[in-house]
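Spelled out from the first residue to the last, the chains are:
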Amino acid sequence: MRCVRELLPADTRIVLCWRDAGGDAYSADDAAPAALVARALSMLGTKGRARENGILDHWTTEQGMEVVLAAQSASGATPLKDAWQAMARRTVAATLDAWQARNRVAVLEKSERLQQALYEIADLAGSSLEMHEMLRRIHAVVGSLMYAENCFIVLYDEVRQSLRFLYFADRHDPYIADPSHEIPVAEVPTSLTMALLRHGEALLGPSAALRAKLAIPPDPVHGPDSEDWLGVPMRREGTVCGAIVVQSYEHRASYSDEDRALLQYVAQHILTALDRRQARSELERRVEERTHALQEANRVLQAEIVERQRAERLQRALFRIAELSITSESLERFYAEVHDVVGELLYARNFYIALLAGEGDELEFPYSIDERDPNRPRRKFGMGMTEYVIRTGRPVLADRNAIEALDREGKVKTFGTLSHNWLGVPLFRDDIVVGVIAVQSYSPAVAFTPRDQELLTFVAHHIGAGLQRKQAQENLKAAHSELEGRVESRTRELAEANAELMAQIGERMHAERRLTHQAQHDTLTGLPNRAQLLERLGHAIQRARSGADDGRTFAVLFLDLDRFKLVNDSVGHAVGDELLIEAGRRIVAAVRAGDTVARLGGDEFAILVEQIDGQDMAEELAGRVLGALGAPVWIAGRELFPTASIGIAQWLPRYRSGEDMLRDADAAMYRAKGAGRDRSAVFDEAMRDEATRILDLEADLRRAINADAFVPHYQPIVRISDGAVLGHEALLRWQHEKRGVLSPGEFIGVGEDSGLIEQVDWLLYARVIQDMATWNNNGYVSVNVSPRHFRSLDFAERLLGLLEGSNVAPGRLRIEITEVALFDDAPRALRTLSELRAHGVLALLDDFGTGFSALSYLHHFPIECLKIDRSFIAGLSTAQPESLAVIRAILALAGTLNIDTIAEGIETEAQRDALIGLGCESGQGYLFARPAAR
């Protein structure tokens, strides 16, 4: 500006304005009018506009900077315009270039200082300095960038609502920071630092002004106020986690916005440094813990290795001892090699083995190696250390002091040279001490340990066992020569006995063949038995499966003599046996040579027919057998005409065993018996389906019992004349899970055959008695009782117990029985009926007229009522004279014996009218009501 001013009058005032990327700026004389400055600034950005008064020049430099030069003189003199403008432009351009260069240099120097500061902060974060020293150096780095004599760093935990001062340096505040001390937020509500953390943005200005702005009351506890206060938060992933604060107590406006931006930038690097230091400390801690754990694991492993090596040495020693007991040539050699084995495990330079001798009153030393006492003669059992071990039966580990103490106590008396350390363990044979193994040391430098004692005790156990085996070998050798002489003499005796033995072997082989024959044949008929038949059936099944029969097949015939029990009961078992023998002969004569005839037991026979073309051949053979059996036979002076029923089962691939074929042939035989006897029947799929159906039904029946799926349906028993209800009959119904309600006819047969009907009945009785307990009906209820119940001794007691348990009067219950129940076991049936009648339970005879209808049992048994079978009632509809006669006779008989009657199955009015005419008073049937659930 000086060169420009020299060409102008002395009183001229100059204003220079420019615009660059950094914005608008100007430079003016001290006395330059403000209006001139304003006019010059207003010209920036107005190229092409007419120049205002005082604007000397307006141009753009080569660097793109817009420049305005203005001047004003009190005298009004003006320079030579062209020459002056050219020189002014050059001078101003050079001056501005120099100024910009200085600014760039200053910016670069500041950037370099900032970069250097960040490098130093990063280096400090990775250093091994203590935390306080690291933060002190970071404080020094910040001080190199701005005034930071008073500085502190604080961390904030939003979750725990606490803060910690990591670093605190202040000339006026004596507070000493403890980085480990957490200050609850509730304790510092008036802290400007806490306000900064909650505000979350940088704060700049005097602390008093900031308090007023944030409505924070003054609090001397938090230190004196400062003239200028600059605090910036530190953020981690957008969350405030701390702050750094610098402050000045002497000068206002010590910090600028540039310092604030710089401190914010540096604060994040300081947080990164703290995080790195924290991560490093955590890593070092974990490494230290892991190292300690590895060291401990290594120590344990080394101990395990040492223990395993010791165990391996011990194991090898034990194996060696066991081997020596077998391979050593003599006991002396065995002792020496045992000494070598023990020497591998512990110090055994002085070693001996002592054994009881004589009657246990002497001690001998079969092996002894010793530096001081080379000879140990046999001696009387005394008070030495060896004898002490034998007496106590326990190992002894003693040094010289302990030995002398035992000597003073009178427990031992030493022999030979006194050792510095002595270890002896007992040798056992069958839990009895028989000797001692001892090692000793004459030098104080060698001392045995409890571990040596434990080791020698363990080894001694095996040495004792090995010694016992070796002594047994020696005894065996001694006895060998004697044995050879005995063997020679015994050989002669055996040669003499051999001839006799060969004869006995021959007899035994004959007996074995006889027993084998008996095991596979029937003793009565001599025919193959069941076991042999099943064996041959198994072979036949294997051949059929392998296809070795060239397309031919085989079959099993199951034969049962008809009414054979009658022969045994009438003429005796001896005659029955002769009949069985004759039947076997006839069957064998009727079949082919290759067929197998077997007696299965009782009057049952089976025939295995092989190599047949089909079912027809089997049926033809069955016909021949029936024909042969049907011829009359004279036995014990009696002429008998035996017949049989035969079931045939032909091979099919589904058969897995001979038992399966016998089972199906047996089922077919029962079909033949049911068809009238003296015939044969072939097992077919219908029989199999029926058998499967019965099995399934039985399984369903068992599940129904467990589920209590049986319910009573009640049919009224009425007075025929007017229909008045006298009682009810409880009829069994099965509530099947798939087939619905089933009547007894669909399952009673399976229940009787399997014995399950008793369980079903008791379920029904319990249900009926429960209904009676809640039924407002004064009439009686009758239940049907299977003949099987009369075989039970406690039937009456159990039935009466149900009544008593439900509080039902016994007189309200009646039982319906059939004639079979009376004849099966008449004395027991009489006792049961009498006991029930004595308590009020009356008996009704069901289906009367269809069985024996014997008059004697009506007089003999306590029968209250006869139930006329529905088959006679049905005849009344067609006016059959037989039905009328039977009903009239029953009514007359009942009237004579003073027994009530009930007609069953009344379905039409004609039947009702006829019964009224005959004098029958009670009845039941569909005419009056069908059975129904309560």
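Note that this is a predicted model, so its numbers are computed, not measured.

Turning to the overall build of the protein, a few remarks are in order. Helix and strand counts for the protein come out as 26 helices and 33 strands. What you see for the protein is a C-alpha radius of gyration of 63 Å, clearly larger than the 30 Å of a compact globule of 934 residues, by over 25%. Seen through its principal axes, the protein has C-alpha atoms that stretch 185 × 120 × 70 Å. Looking at the protein alone, contacts between residues at least 24 apart form 61% of all its contacts between residues at least 6 apart. Counting only carbon and sulfur atoms, one obtains 52% of the accessible surface of the protein, whose full area is about 49700 Å². Taken together, the 106 basic and 136 acidic charged side chains of the protein have centroids lying 4 Å from each other.

The strand order across the open sheet formed by six strands is 7-6-5-10-9-8, and the pairing between neighbours is antiparallel. The open sheet has two edge strands, strand 7 (183-184) and strand 8 (203-205), and neither has a second partner. Relative to strand 10 (residues 239-248), strand 9 (residues 228-236) is paired through nine bridges, and the arrangement is antiparallel. Paired with Met 234 across the two strands is Gly 242, which belongs to strand 10.

A few words on the pairing of strand 24 (residues 710-719). With eight of its 10 residues buried, strand 24 lies for the most part within the structure. Sheet analysis places strand 24 next to strand 25 (residues 725-736), joined by nine bridges and oriented antiparallel. Following the sheet pairing, Tyr 714 is matched in strand 25 by Ala 730. Between strand 24 and the antiparallel strand that follows it, strand 25, lie five residues; Gly 723 among them carries a positive phi value of about 80°.

Looking now at the packing of aromatic side chains. Inspection of every chain in the model, using the stated rule, returns 18 aromatic pairs. Where Tyr 147 meets Tyr 255, the ring centres are 6.5 Å apart and the plane angle is 40°; that geometry is what we call tilted. Residue Tyr 147 is found in the loop between helix 4 (131-145) and strand 5 (150-157), and its partner Tyr 255 is found in the loop between strand 10 and helix 7 (257-327); the two are separated by 108 residues along the sequence. The exposure class assigned to Tyr 147 is partly exposed, which follows from its relative accessible area of 30%. Assessed through its relative accessible area of 5%, Tyr 255 is described here as buried. For the ring pair Phe 790 and Phe 795, a centre distance of 6.0 Å and an interplane angle of 40° mean the geometry is tilted. A connected cluster of aromatic rings, assembled from ring pairs, spans Phe 152, Phe 165, Phe 168 and Tyr 175. Positioned above the aromatic ring of Trp 762, the side-chain terminus of Arg 798 is 4.1 Å from the ring centre. The ring centre of Tyr 780 lies 3.8 Å from the NZ or CZ of Arg 814, which sits over that ring.

Turning our attention to the UniProt feature "domain: GGDEF" (unreviewed entry) in the protein. In this numbering, the UniProt entry assigns the feature "domain: GGDEF" (unreviewed entry) to residues 552-685. Within the segment residues 552-685, helix and strand shares are 45% and 30% respectively, and the terminal C-alpha atoms sit 21 Å apart.

Here we take up the confidence of the model for the protein. Low pLDDT marks regions whose predicted coordinates should not be analysed in detail. The pLDDT averaged across the protein works out to 83; a share of 91% of its residues lies at or above 70. When mean pLDDT is compared element by element in the protein, strand 32 (residues 922-923) scores highest at 94, while helix 1 (residues 2-6) scores lowest at 57.

What follows deals with the packing of helix 5 (residues 192-199) against helix 6 (residues 207-214). Remark: helix 5 packs on helix 6, axes separated minimally by 11 Å, with the N-to-C direction vectors making an angle of 55°. The orientation of helix 5 relative to helix 6 falls into the category oblique. As helix 5 runs across helix 6, the sense of the crossing is left-handed. Two secondary-structure elements touch here, helix 5 through Leu 192, Ala 195 and His 199 and helix 6 through Ser 207, Leu 210 and Leu 214. By residue class, the composition of the contact of helix 5 with helix 6 is four nonpolar, two polar and no charged.

If you walk through the whole model with that rule in mind, you get zero disulfides. Lacking any disulfide linkage, Cys 865 is separated from the closest cysteine sulfur, that of Cys 920, by 8.7 Å.

Let's shift gears to the UniProt feature "coiled-coil region" (unreviewed entry) in the protein. Following the UniProt record, one finds the feature "coiled-coil region" (unreviewed entry) at residues 280-314 and 480-514. In this annotation, residues 280-314 is assigned 100% helix and 0% strand; the end-to-end C-alpha distance for the span is 49 Å. In residues 480-514, the share of helix is 100% and the share of strand is 0%. The end C-alpha atoms are 44 Å apart.

So, on to the nonpolar core. Among the nonpolar cores identified, the biggest contains 64 residues, and Ile 815 and Ile 817 are the most heavily contacted of them. Here this core gets eight residues from one element, more than from any other, and that element is helix 19 (residues 757-774). Other than its neighbours up to four places away in sequence, Ile 817 contacts Val 785, Phe 790, Leu 822, Leu 833, Leu 844, Leu 845, Asp 846 and Ile 863. Membership of the second largest hydrophobic core comes to 32 residues, among which are Leu 557, Leu 561, Val 597 and Ala 618.

Turning to the pairing of strand 6 (residues 162-169), a few remarks are in order. When you tally the buried positions in strand 6, you get seven out of eight residues, the bulk of the element. For strand 5 and strand 6, the ladder comprises seven bridges, and the chain directions are antiparallel. Across the sheet, residue Asp 157 finds its bridge partner in strand 6, namely Ser 162. Linkage of strand 5 to strand 6, two consecutive antiparallel strands, is achieved through a turn of four residues, within which Gln 161 is found at a positive phi near 55°.

Scoring rules and cut-offs
Residues numbered from 1 in each chain as written. Predicted model: local features only at pLDDT ≥ 70, side-chain atom pairs only at ≥ 80, totals over all residues. Heavy atoms only, no water. Helix = DSSP H or I, 4+ residues; strand = E, 2+ residues; numbered from the N terminus. Rg over C-alpha atoms; globule rule 2.2 N^0.38 Å. Contact = heavy atoms within 4.5 Å. Areas by Shrake-Rupley, 256 points an atom, 1.4 Å probe, with all protein chains shown as cover. Lys, Arg positive; Asp, Glu negative; His and termini not counted. Charge placed at Lys NZ, Arg CZ, Asp CG, Glu CD. Pairing = 2+ DSSP bridges. Buried < 20%, exposed > 50% of the residue type's maximum accessible area, 1.4 Å probe, protein only. Phe/Tyr/Trp six-rings, centres within 6.5 Å; stacked < 30°, edge-to-face > 60°. Lys NZ or Arg CZ within 6 Å of the ring centre and 35° of its normal. UniProt positions renumbered as here; feature names shortened; annotations may be inferred. pLDDT = per-residue confidence, 0-100. Axes fitted to C-alpha atoms, helices over the stretch in contact; angles between N-to-C directions. Parallel < 35°, antiparallel > 145°, perpendicular 65-115°, else oblique. Left-handed = near helix turned anticlockwise from the far one by under 90°. Nonpolar A, V, L, I, M, F, W, Y, C, P; charged D, E, K, R; others polar. Disulfide = S-S within 2.5 Å. Core = buried A, V, L, I, M, F, W, Y, C linked by side-chain atoms within 4.5 Å.

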